[in-house]
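Below are the chains, spelled out letter by letter.
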Amino acid sequence: MEEKKKLYTLLVYSENVAGVLNQITAVFTRRQVNIESLNVSASSIEGVHKYTITAWSEEDQIIKITRQIEKKIDVVKANYFTDDQLFIREAGLYKLQTDLVLQNPEVSRTIRRHDAHITEVNPVYTIVMKNGRTEDIISLYYALNEYGCVLQYTRSGRIAVTRGTQEQVTDFLEQREKSER
């Protein structure tokens, strides 16, 4: 019986050195797994960067990918998660045609109903921003697109934190420090 693909989120922590991103993405490429979203930023630990990567995969494949990533010299720790194990958010930006927004009050109502915010208005375009879950951001896009006013649309990569009280890599780093003494 064939295992179904699920969306997994990998949280990878690494030293802040050049070339780590290339090493990580190469693991996905070799296994022919497409990265759906990718976000890289500093973590709460000084000198350690956090990569938030999403990909559709079978669990056995994502386990292998996670292990291969963790073997990289500059990678401190890598774990994979399902959506229910994380607190997840994204941002969406929508550039709308101002004259169509002003002509149709339903556009503004739709923006408010989706808990989005107008961040800029000028005679040519209106910028709307929405933070939230992926499906909510996409839903607003489809709703606005029905009015024919969307000029541009983009979504950020996923950002995520575990449901625990601290970064999972914290315990790992503390244990490594003790063993080095």
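Caption draft 1: Layout of the packing of aromatic side chains. Going through the model one piece at a time under the given rule, you end up with four aromatic pairs. Where Tyr-141 meets Tyr-153, the ring centres are 4.4 Å apart and the plane angle is 25 degrees; that geometry is what we call stacked. Pair noted here: Tyr-141 is in helix 5 (residues 134-145) and Tyr-153 is in strand 8 (residues 150-155), with a separation of 12 residues, a long-range link. Clustering of aromatic rings is evident, with ring pairs tying together Tyr-94, Tyr-141, Tyr-142 and Tyr-153. Positioned over the ring face of Tyr-125 is Lys-95, at 4.5 Å from the centre of the ring.

Caption draft 2: Fine view of the packing of helix 4 (residues 105-113) against helix 5. The contact between helix 4 and helix 5 brings their axes to 10 Å, and the two run at 175 degrees. Taken together, the axes of helix 4 and helix 5 lie roughly antiparallel to each other. Across the interface between the two elements, Val-107, Thr-110 and Ile-111 from helix 4 touch Leu-140, Ala-143 and Leu-144 from helix 5. Within the contact of helix 4 with helix 5, the residues separate by chemical class into five nonpolar, one polar and no charged.

Caption draft 3: Quick look at helix 2 (residues 59-70). Look at helix 2: 16 Å from first C-alpha to last across 12 residues, which is about the 16 Å you get at 1.5 Å a residue. Taken together, the buried positions of helix 2 are occupied by Gln-61, Ile-62, Ile-65, Thr-66 and Ile-69. Down the axis of helix 2, the buried set is contained in an arc of 135 degrees. They therefore lie on one face. Along its buried surface, helix 2 packs onto strand 1 (6-15), helix 1 (20-30), strand 3 (48-57) and strand 4 (75-81).

Caption draft 4: The nonpolar core, seen in detail. Counting 16 residues, the largest nonpolar core has Leu-10, Val-12, Ile-24, Phe-28, Ile-53, Ile-65 and Ile-69 as its most contacted members. Elements with a contribution of two residues or more to this core: strand 1, helix 1, strand 3, helix 2 and strand 4. Broken down by element, this core gets its largest block of residues, four residues, from helix 1. With residues near it in sequence (within four places) discarded, Phe-28 still touches Leu-10, Val-33, Ile-35, Ile-53, Ala-55, Ile-65 and Ile-69. Core analysis: the next-biggest nonpolar cluster, separate from the first, contains 12 residues, Val-128, Ile-137, Cys-149 and Val-150 among them.

Criteria and cut-off values
Residues numbered from 1 in each chain as written. Predicted model: local features only at pLDDT ≥ 70, side-chain atom pairs only at ≥ 80, totals over all residues. Heavy atoms only, no water. Phe/Tyr/Trp six-rings, centres within 6.5 Å; stacked < 30°, edge-to-face > 60°. Helix = DSSP H or I, 4+ residues; strand = E, 2+ residues; numbered from the N terminus. Lys NZ or Arg CZ within 6 Å of the ring centre and 35° of its normal. Axes fitted to C-alpha atoms, helices over the stretch in contact; angles between N-to-C directions. Parallel < 35°, antiparallel > 145°, perpendicular 65-115°, else oblique. Contact = heavy atoms within 4.5 Å. Nonpolar A, V, L, I, M, F, W, Y, C, P; charged D, E, K, R; others polar. Expected span 1.5 Å × (residues − 1). Buried < 20%, exposed > 50% of the residue type's maximum accessible area, 1.4 Å probe, protein only. Arc of directions from axis to C-beta. Core = buried A, V, L, I, M, F, W, Y, C linked by side-chain atoms within 4.5 Å.

Note that all results are geometric; they support no functional claim without further evidence.
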